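# Geometric and topological summary
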Amino acid sequence: QVQVAESGGGLVQPGGSLRLSCAASGSIKSIYTMGWYRQAPGKQRELVATITSGDNTNYADFVKGRFTISRDNAKNMVYLQMNSLKPEDTAVYYCNAHLTSLANRLGNYWGQGTQVTISS
């Protein structure tokens, strides 16, 4: 079994910051890309940022310069530092891990999501 769990969401005023964390645990052999996605009410889930095991990063245009993704391979964790937050960043943020399990199954694993609300 593989579990992915996010933490760190909450309510922040516009211009504020939040740091999201995500931990992958369980029967994991290797984790390749980890990433953050978000889904606002009435909208499709969209990519926010991804990071490979070699620390290559990719960001959506709407977060470039404001968000930073990082990773701790030893702990199977990924982080998203979010600065200069805007009301349009309000969404449920999901963590994704692309990995191979101990049973040699390659797949994408998702967390349950954490709510981020930007409002004054």
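Check the entry above for the structure.
These remarks concern the structure in this document. Keep in mind that what you see is a predicted model, and the values were worked out from it rather than measured. (Residues numbered from 1 in each chain as written. Predicted model: local features only at pLDDT ≥ 70, side-chain atom pairs only at ≥ 80, totals over all residues. Heavy atoms only, no water.)

Here we take up the pattern of salt bridges. By the definition in use, this model includes 4 salt bridges. Salt-bridge contacts for Arg 66 lead to Asp 89; the nearest nitrogen and oxygen are separated by 2.7 Å. Of this pair, Arg 66 sits in the loop between β6 (57-59) and β7 (67-72) while Asp 89 is found in the loop between β8 (77-82) and β9 (91-101), placing the two residues 23 residues apart along the sequence. Across the pair, exposure class does not vary: Arg 66 and Asp 89 are buried alike. (Salt bridge = Lys/Arg side-chain N within 4 Å of Asp/Glu carboxyl O. Helix = DSSP H or I, 4+ residues; strand = E, 2+ residues; numbered from the N terminus. Buried < 20%, exposed > 50% of the residue type's maximum accessible area, 1.4 Å probe, protein only.)

Glancing now at the pairing of strand β11 (residues 114-118). Burial along β11 is one-sided: Thr 114, Val 116 and Ile 118 are buried, while Gln 115 and Thr 117, pointing the other way, are not. Pairing of strand β2 (residues 10-12) with β11 involves 3 bridges; the strand directions are parallel. The partner of Gly 10 across the bridge, within β11, is Val 116. In this sheet, β11 lies alongside β9 in antiparallel orientation, the contact comprising 3 bridges. Bridging across to β11, Tyr 93 finds its partner in Thr 114. (Pairing = 2+ DSSP bridges.)

Taken as a whole, this structure holds 1 aromatic pair when the rule is applied. With a centroid separation of 5.0 Å and 65° between ring planes, the pair formed by Tyr 37 and Trp 110 is classed as edge-to-face. Taken as a pair, Tyr 37 in strand β4 (residues 28-39) and Trp 110 in strand β10 (residues 106-110) lie far apart in primary sequence, 73 residues in all. If you follow Arg 45 out to its NZ or CZ, it ends over the ring of Trp 110, 4.7 Å from the centre. (Phe/Tyr/Trp six-rings, centres within 6.5 Å; stacked < 30°, edge-to-face > 60°. Lys NZ or Arg CZ within 6 Å of the ring centre and 35° of its normal.)

Residues other than glycine seldom take positive phi values, yet Ser 84 does so here, at roughly 50°. Looking at where Ser 84 falls in the secondary structure, it is placed in the loop between β8 and β9. Residue classification places Ser 84 among the partly exposed positions, given a relative accessible area of 40%. Even without a glycine there, the phi angle at Asn 104 is positive, about 60°. With respect to the helices, strands and loops of the structure, Asn 104 is situated in the loop between β9 and β10. For Asn 104, a relative accessible area of 52% puts it in the exposed group.

By themselves, these are just geometric observations and shouldn't be taken as functional.
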